[in-house]
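Reading the structure
Chain residues, written in single-letter form:
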Amino acid sequence: MALVVLSMVLAACGGNDNSNGNASGDGETYHWKFVTEEIDGQVQYEYAEEFAKRMKEKSDGAVTIDVYEFGGLGNETDQVEQLQSGTVEMAVMSPGFTGGMVKEGQLFALQFLFPENVETTQQILNDSEALNKDLRELYEEHNISPLSFWTEGAMQWTSSKKIAEPSDFEGLKMRTQTSPLILESYEAYGADPQSMSWGELYTGLDQGTVEGQENPIFFIGDASFHEVQDFMTLSNHNNYVAMTTVNTDWYNGLDDEMKSMVDETIEEMQDWVFEEQKKQNEEYLEVIKNDSENPTEIIELTEEQREAFKEKAAPVRDFYREEVSTVNGEILDKLLEEIEAAGE
């Protein structure tokens, strides 16, 4: 009898940390990991920090989320594997780094796909059934659930030589993410695309291993890529789309109250992150323009110049349908309809 009583006491004194969120009741605590592809101060990291703050406040301190910047738990590929396995519960990730796993996700690499207006693009990302239902289901086959898609701003080109028309890309060693469709997109311009982790990119640009790259302005400025590049072309050729993702098994195992809290916070963050990326992109454009020690020539494409790039980029959509898509381009075609319906 004494042993039984002792075992009951020990059980009652045990920890109540519940990283999966399956149990319920007063005093329950939750401890999750949230990884990002960016560093402290950049949009993805600030997003994760704000998400963690809101979840802690809503749960009266019951939810604690550890946020990891890029490199804290490995590179982009490592982070995808950690999310799949459940080593981490949440991640902000780019479809470009999952394009080999979920081929349909490569559609975000199609240039001049989304409207030039970033606000319209964000509304499409919020509302799109092609993305939030059809594409999500394909990711969930790999135990990853994208809960939202959002833009980090329009993509621009930086380079060691002036880029104002497609022929300027001829032979240029262009850094890309590890997505076959991104490679195809730059080969269409005559460039020599080379995949490289962004953690190696500054050195690669400085040493000439690669000669150009694409990113939103805030990322170019914060990572100081403009210091080792002579030109920046304001092309708005694409949007850097990020996904807020969770481990599917973990998410489905949350109790209804906690899952609702996560979903509510995800939805709230869409407006928050749009304003955050807008602020950072505007601020860093001024930083780059006013950096007298590292002057960067800024080229703004005319509409005629943009049309020349669009013409070269258009056939890549057929490549996507025929060589990449596993559903005959159905998700892309549905997304194109949604984009057209958005009125731009």
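Scroll up to find the structure.
First, a word on scope: everything that follows refers to the structure included in this document. No experiment lies behind these values; they were computed from the predicted model shown. (Residues numbered from 1 in each chain as written. Predicted model: local features only at pLDDT ≥ 70, side-chain atom pairs only at ≥ 80, totals over all residues. Heavy atoms only, no water.)

Things to note about the packing of aromatic side chains
Following the criterion strictly, the structure yields 18 aromatic pairs and no others. An angle of 40° between the planes, with centres 5.1 Å apart, marks the rings of Phe-70 and Trp-198 as tilted. Taken as a pair, Phe-70 in the loop between β2 (63-68) and α3 (76-85) and Trp-198 in the loop between β6 (192-195) and α7 (201-207) lie far apart in primary sequence, 128 residues in all. Note on accessibility: Phe-70 and Trp-198 belong to one class, buried. For the ring pair Trp-198 and Phe-219, a centre distance of 5.0 Å and an interplane angle of 80° mean the geometry is edge-to-face. Taken together, the residues Trp-198 in the loop between β6 and α7 and Phe-219 in helix α8 (residues 217-222) connect sequence positions 21 residues apart. The rings of Phe-70, Trp-198, Phe-218, Phe-219 and Phe-225 are connected pair by pair, giving a single aromatic cluster. (Phe/Tyr/Trp six-rings, centres within 6.5 Å; stacked < 30°, edge-to-face > 60°. Helix = DSSP H or I, 4+ residues; strand = E, 2+ residues; numbered from the N terminus. Buried < 20%, exposed > 50% of the residue type's maximum accessible area, 1.4 Å probe, protein only.)

Re the pairing of strand β4 (residues 144-159)
It is a general feature of regular strands that their side chains alternate between the two faces of the sheet. With 16 of 16 residues buried, β4 is to be regarded as a mostly interior element. In terms of strand pairing, β4 meets strand β9 (residues 239-247) through eight bridges, oriented antiparallel. Note on β9: the bridge partner recorded for Ser-148 is Thr-244. With five bridges connecting them, β4 and strand β7 (residues 212-216) associate as antiparallel partners. By the bridge assignment, Ser-159 is partnered in β7 with Gly-212. (Pairing = 2+ DSSP bridges.)

A few points about the pattern of salt bridges
Tallied over the full model, the rule gives 14 salt bridges. The closest approach of N and O atoms between Asp-134 and Lys-334, which form a salt bridge, is 2.9 Å. On the criterion of sequence distance, the pair formed by Asp-134 in helix α5 (residues 129-140) and Lys-334 in helix α13 (residues 330-341) is long-range, its members being 200 residues apart. Its relative accessible area of 17% is what places Asp-134 among the buried residues. A salt bridge links Asp-318 to Arg-321; its shortest N-O distance comes to 3.2 Å. Residue Asp-318 and its partner Arg-321 are both found in helix α12 (residues 315-324); the two are separated by three residues, about one turn of the helix. Arg-321 gets classed as partly exposed once you look at its relative accessible area, which sits at 23%. (Salt bridge = Lys/Arg side-chain N within 4 Å of Asp/Glu carboxyl O.)

Notes on the packing of helix α6 (residues 180-187) against α12
Angle between the axes and distance between the axes: these two values describe a pair of packed helices. Packing of α6 against α12 leaves a shortest axis separation of 10 Å and a crossing angle of 145°. Note on packing geometry: the crossing formed by α6 with α12 is right-handed. Counting all contacts with α6, which are made through Leu-181, Glu-184 and Ser-185, the residues of α12 involved are Val-316, Phe-319, Tyr-320 and Val-324. Broken down by class, the residue content of the contact of α6 with α12 amounts to five nonpolar, one polar and one charged. (Axes fitted to C-alpha atoms, helices over the stretch in contact; angles between N-to-C directions. Left-handed = near helix turned anticlockwise from the far one by under 90°. Contact = heavy atoms within 4.5 Å. Nonpolar A, V, L, I, M, F, W, Y, C, P; charged D, E, K, R; others polar.)

Concerning empty space enclosed by the protein
In total, this model carries two cavities of 30 Å³ or more according to the counting rule given. Volume-wise, the largest cavity comes out at about 270 Å³. Lining of the largest cavity is provided by 22 residues; of these, Phe-108, Met-155, Gln-177, Ile-182 and Glu-214 occupy positions nearest its centre. Breaking the lining of the largest cavity down by element, the ones donating at least two residues are β5 (173-176), α6, β7 and β9. Space inside the second largest cavity adds up to approximately 100 Å³. When residues of the lining of the second largest cavity are traced back to their parent elements, those giving at least two are β7 and α8. (1 Å grid on protein atoms, 1.4 Å probe; cavity = no way out; pocket = protein on both sides within 12 Å on 5 of 7 lines; lining within 4 Å. Points joined across faces, edges and corners; volume = space filled by probe spheres on them.)

Some points on a negative patch on the surface
A surface patch of negative charge is lined by Glu-119, Asp-263, Glu-267, Asp-271, Glu-275, Glu-282, Glu-283 and Glu-286. A per-element tally of the negative patch places helix α10 (residues 256-289) first, with seven residues. With respect to the element layout, Glu-283 can be found in helix α10. According to the relative accessible area criterion, Glu-283 is partly exposed, its value standing at 44%. (Patch = residues over 30% accessible without salt bridge, like charges linked within 9 Å, V, L, I, M, F, W, Y side chains within 5 Å. Areas by Shrake-Rupley, 256 points an atom, 1.4 Å probe, with all protein chains shown as cover. Lys, Arg positive; Asp, Glu negative; His and termini not counted. Charge placed at Lys NZ, Arg CZ, Asp CG, Glu CD.)

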